[in-house]
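The chain contents come next:
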Amino acid sequence: MLEFCKQSVAAQRHEEHERNGAADQRAADERRNIKSPCQPLAPDDVRHHRIRSQRADDAGAASGALASAIGSIPVLSVDTNVGIEGQTSFVGPSNVDAAKEGGLWAAEQAGEGANAVIIYGQEGDNTSNMRREGYQAACDEAGVTVLDALSGQNTTDGATKTMEDLLNAYPDQIDIVLCHNDDTAIGAMNACKSAGVDDMIIVGFDGNASAVDLILAGDLIKATVAQQPYEMGYQAVEAALKAINGETGEEVINAPVTVVTAENGQEYLDSLAAMQG
């Protein structure tokens, strides 16, 4: 049996309780388990030959937890590639390609001769670096001048301060703001509104419903790059089944993304609601 479960902290504690009280039953079961998000591998999991698929919000912690499982069970990383040598597959979007799609959309809206700034995430963070690379590649390809790239500290308040600094440094010069995530985009929007700027193309990343609501309301956030969680989950289970059956799968399985705009925003929100039941 292949089981997929998304566990909260409480659920993890419950699982630990079950593990201590029902080890013999689980040994008989020999279940194959795909779990998300990131949680430590217990020795019991390895002994009972479970498959782990980790959604690694903390790539460093996930790497340490999963490294011991390599060679004993198939290991899949989902959403974020933790980069463990020997992992079975990574299923998720290319942050470089996804950010590039968002950047190209913004460049098309702004037209020839546009100027952009990039507000990236934490300094040195791999995901932030990849999204920044994708935005820069889009601007280079479209002929958009990147005036500056600064960290927004991955928060709304941090991005607000960064955007204030950028508006002061480049008054009346910025056409596009390319942001690490939707919180960053909201921070940039807040700074623009405080400065009386009402003509700006702000692009977020993550496809949060709050950002899409702002897009549909005609606010300064014009787009967000959204992952496709349903498709990503489907691809992960497919890869896990191949691993169970001894088939050789792809090391990297790229999941699709969508640039959500005013044109497709309501459809996107409806699809999120349908997935949530």
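Structural data are supplied above this passage.
For clarity, every value in this text was computed on a predicted model and none was experimentally measured.

A word on the pairing of strand β6 (residues 115-120)
Phase 1 of the analysis: Counting buried positions along β6 yields six of six residues, so the element is predominantly enclosed.
Phase 2 of the analysis: Taking every second residue as pointing to the same face, both faces of β6 are buried, with N115, V117 and I119 on one and A116, I118 and Y120 on the other.
Phase 3 of the analysis: Pairing geometry for β6 and strand β7 (residues 145-151), over six bridges, is parallel. Each bridged residue has a counterpart across the sheet, and for V117 the counterpart in β7 is D148.
Phase 4 of the analysis: Where the polypeptide runs from β6 across helix α6 (residues 126-142) and back to β7, its parallel neighbour, the crossover connection is right-handed.
Phase 5 of the analysis: Here β6 runs beside strand β8 (residues 176-179); their pairing, made up of four bridges, is parallel. What sits directly across from I118, in β8, is L178.

A few points about the packing of helix α9 (residues 209-216) against helix α11 (residues 265-275)
Phase 1 of the analysis: Between α9 and α11, whose axes approach to 9 Å, the crossing angle comes to 150°. In this view, α9 runs roughly antiparallel relative to α11, as classed from their interaxial angle. Relative to α11, the crossing made by α9 is left-handed. Here α9 contributes A209, V212, D213 and L216 to the contact with α11, which in turn contributes G265, Q266, Y268 and L269.
Phase 2 of the analysis: The class makeup of the residues in the contact of α9 with α11 is five nonpolar, two polar and one charged.

What to know about a nonpolar patch on the surface
Phase 1 of the analysis: Side chains of Y230, Y234 and M275 sit close together on the surface and give an oily, nonpolar patch of about 370 Å² of accessible area.
Phase 2 of the analysis: Its location among the elements puts Y234 in helix α10 (residues 229-244).
Phase 3 of the analysis: Exposure remark for Y234: the relative accessible area of 48% places this residue in the partly exposed category.

Remarks on the packing of helix α5 (residues 95-110) against α6
Phase 1 of the analysis: It is the contact of α5 with α6, at a shortest axis distance of 7 Å, that shows an interaxial angle of 40°. Between α5 and α6, the angle is such that the two are oblique. Viewed along their axes, α5 and α6 form a crossing whose handedness is right-handed. Residues N95, V96, A99, K100, G103, L104 and A107 of α5 form the contact with α6, whose participating residues are T127, M130, R131, E133, G134, Y135, A137, A138, E141 and A142.
Phase 2 of the analysis: Grouping the constituent residues of the contact of α5 with α6 by class yields nine nonpolar, four polar and four charged.

Some remarks on the packing of aromatic side chains
Phase 1 of the analysis: The final tally for this structure, using the stated rule, is zero aromatic pairs.
Phase 2 of the analysis: Lying over the aromatic face of F205, R131 brings its terminal NZ or CZ to 3.7 Å of the ring centre.

Thoughts on the sheet that holds β8
Neighbouring strands of a sheet are bound in pairs by backbone hydrogen bonds; such pairs are parallel or else antiparallel.
Phase 1 of the analysis: The strand order across the open sheet built from six strands is β7-β6-β8-β9-β10-β12, with neighbouring strands paired in mixed fashion. Edge positions in the open sheet fall to β7 and β12 (257-260), since each of these has one partner strand only. Between one strand axis and the next, the sheet turns by 15° as a mean value, whatever way the strands run.
Phase 2 of the analysis: Sheet strands touched by helix α8 (residues 182-194): β6, β8, β9 (201-205) and β10 (221-227). Its angle to β9, the strand with the most contacts, is close to 155°.

Observations regarding α5
Phase 1 of the analysis: Compared with an ideal rise of 1.5 Å per residue, which puts 16 residues at 22 Å, α5 spans 23 Å between its outermost C-alpha atoms and is within 8% of the ideal.
Phase 2 of the analysis: Buried within α5 we find N95, V96, A98, A99, G102, G103, W105, A106 and A107.
Phase 3 of the analysis: Taken together, the buried residues of α5 touch α6, β8, β9, β10 and β12.

Conventions used here
- Residues numbered from 1 in each chain as written.
- Predicted model: local features only at pLDDT ≥ 70, side-chain atom pairs only at ≥ 80, totals over all residues.
- Heavy atoms only, no water.
- Buried < 20%, exposed > 50% of the residue type's maximum accessible area, 1.4 Å probe, protein only.
- Helix = DSSP H or I, 4+ residues; strand = E, 2+ residues; numbered from the N terminus.
- Pairing = 2+ DSSP bridges.
- Right-handed = clockwise from strand over helix to strand, strands pointing away.
- Axes fitted to C-alpha atoms, helices over the stretch in contact; angles between N-to-C directions.
- Parallel < 35°, antiparallel > 145°, perpendicular 65-115°, else oblique.
- Left-handed = near helix turned anticlockwise from the far one by under 90°.
- Contact = heavy atoms within 4.5 Å.
- Nonpolar A, V, L, I, M, F, W, Y, C, P; charged D, E, K, R; others polar.
- Patch = residues over 30% accessible without salt bridge, like charges linked within 9 Å, V, L, I, M, F, W, Y side chains within 5 Å.
- Areas by Shrake-Rupley, 256 points an atom, 1.4 Å probe, with all protein chains shown as cover.
- Salt bridge = Lys/Arg side-chain N within 4 Å of Asp/Glu carboxyl O.
- Phe/Tyr/Trp six-rings, centres within 6.5 Å; stacked < 30°, edge-to-face > 60°.
- Lys NZ or Arg CZ within 6 Å of the ring centre and 35° of its normal.
- Expected span 1.5 Å × (residues − 1).

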